[in-house]
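# Report on the structure
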Amino acid sequence: MSRPEATGMTAERHGLRGELLAATAGYRHIHEEHRRARPGGRTHRRLEAQLEALSANFERLLADSSLEETIRAEWRRHLYHGGPEPDTPTAEPPSHAAHRPPGNRERGSAPLWQR
């Protein structure tokens, strides 16, 4: 098995669908660990905080997408209740790329991390 396949970075993992699937897999993994952790313990609380962060990220992905509300509801059912994987177009999610300065700047004006 090649490294991209082992890490789940196959061609299907790109785009909105891939991000939603990756978020679902991460949430389910942490949810299972949370279920097995001792209630009231430090690990249980830490995993609970991770679940909240993963859930917020999942909801942000859904909110930033141009999906219909019925498809969003299907994705929520898939994540939280183990429903079937919805059919979703493989459109790219909105780009949150870092802003890069123009390439024609003088060397002295570039930030240190770009030199």
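Residues numbered from 1 in each chain as written. Predicted model: local features only at pLDDT ≥ 70, side-chain atom pairs only at ≥ 80, totals over all residues. Heavy atoms only, no water.

### Things to note about the packing of aromatic side chains
The condition that has to hold: Note on aromatic pairs: the rings of Phe, Tyr and Trp (six-membered ring only in Trp) are paired at centre separations within 6.5 Å, and the planes decide the class, stacked below 30 degrees, edge-to-face beyond 60, tilted for the rest. Numbering goes from the N terminus for both helices and strands, where a helix is a DSSP run of H or I of at least four residues and a strand is a run of E of at least two. Only protein chains enter the accessibility calculation, which uses a 1.4 Å probe; a residue is then buried when its area is under 20% of its type maximum, exposed when over 50%, and partly exposed in between.
The final tally for this structure, using the stated rule, is two aromatic pairs. Seen from their ring centres, Tyr-27 and Tyr-80 are 5.5 Å apart, and the 90° between their planes marks the pair as edge-to-face. Within this pair, whereas Tyr-27 is found in helix 2 (residues 15–36), its partner Tyr-80 is found in helix 4 (residues 69–81), the two being separated by 53 residues in sequence. Since its relative accessible area comes to 31%, Tyr-80 is described here as partly exposed.

### As for helix 3 (residues 42–64)
Which entries qualify depends on this criterion: To estimate how far a helix should extend, the number of its residues minus one is multiplied by 1.5 Å. Any two residues whose heavy atoms approach within 4.5 Å are treated as being in contact.
The first and last C-alpha atoms of helix 3 sit 33 Å apart over 23 residues, in line with the 33 Å expected at 1.5 Å per residue. When helix 3 is considered as a whole, its buried residues turn out to be His-44, Leu-47, Leu-51, Ser-55, Phe-58, Leu-61 and Leu-62. Close packing links the buried residues of helix 3 with helix 2 and helix 4.

### Some remarks on the packing of helix 2 against helix 4
Note the cut-off: For helices, the axis comes from a line fit to the C-alpha atoms of the stretch in contact; other axes are also lines fit to C-alpha atoms, and the angle between any two N-to-C directions lies between 0 and 180 degrees. For classification purposes, an angle smaller than 35 degrees is called roughly parallel, one larger than 145 roughly antiparallel, one from 65 to 115 roughly perpendicular, and anything else oblique. In a left-handed crossing the near helix is turned counterclockwise from the far helix by less than a right angle, and in a right-handed crossing that turn is clockwise. Under the scheme applied here, ten amino acids are nonpolar (Ala, Val, Leu, Ile, Met, Phe, Trp, Tyr, Cys and Pro), four are charged (Asp, Glu, Lys and Arg), and all others, including Gly, are polar.
Look at helix 2 against helix 4: their axes get within 9 Å of each other, and the N-to-C directions meet at 25°. Judged by the inter-axis angle, helix 2 sits roughly parallel to helix 4. With respect to the hand of their crossing, helix 2 and helix 4 are arranged in right-handed fashion. Taken together, the residues of helix 4 that come into contact with helix 2 (itself represented by Arg-17, Leu-20, Leu-21, Ala-23, Thr-24, Tyr-27 and Arg-28) are Trp-75, His-78, Leu-79 and Tyr-80. In terms of residue class, the contact of helix 2 with helix 4 is built from seven nonpolar, two polar and two charged.

### Some remarks on the nonpolar core
Put simply, the rule reads: Take the buried residues of types Ala, Val, Leu, Ile, Met, Phe, Trp, Tyr and Cys, join any two whose side-chain atoms come within 4.5 Å, and each joined set is a nonpolar core.
By size, the foremost hydrophobic cluster in this structure holds 16 residues, and its most contacted members are Leu-20, Phe-58, Leu-62, Leu-67 and Trp-75. The set of elements that each furnish at least two residues to this core consists of helix 2, helix 3 and helix 4. The element best represented in this core is helix 2, accounting for six residues. Other than its neighbours up to four places away in sequence, Phe-58 contacts Leu-20, Ala-23, Thr-24, Trp-75, Arg-76, Leu-79 and Tyr-80.

### Thoughts on the confidence of the model for the chain
Selection criterion: Known as pLDDT, the predictor's per-residue confidence is scaled from 0 to 100.
Averaged over every residue, the pLDDT of the chain is 77; the share at 70 or more is 63%. Low pLDDT, under 50, characterises residues 5–13; the predicted model gives this stretch ten contacts beyond four residues in sequence or across chains.

### Quick look at the environment of Tyr-80
Let me state the cut-off plainly: The definition of a polar contact used here is a pair of N or O atoms within 3.5 Å, where within protein one atom must be able to donate a hydrogen and the other to accept one, and adjacent residues in sequence count solely through side-chain atom pairs.
C-alpha separation for the pair Tyr-80 and Ser-55, spaced 25 residues apart in sequence, amounts to 9.3 Å. A distance of 2.6 Å separates polar atoms of two side chains, one belonging to Tyr-80 and the other to Ser-55.

### Some points on the side chain of Ser-65
Residue position: Ser-65 is located in the loop between helix 3 and helix 4. Under the relative-accessibility criterion, Ser-65 is labelled buried at 9%. In this structure the side chain of Ser-65 is engaged in a polar contact, spanning 2.7 Å, whose partner is the backbone oxygen of Leu-62.

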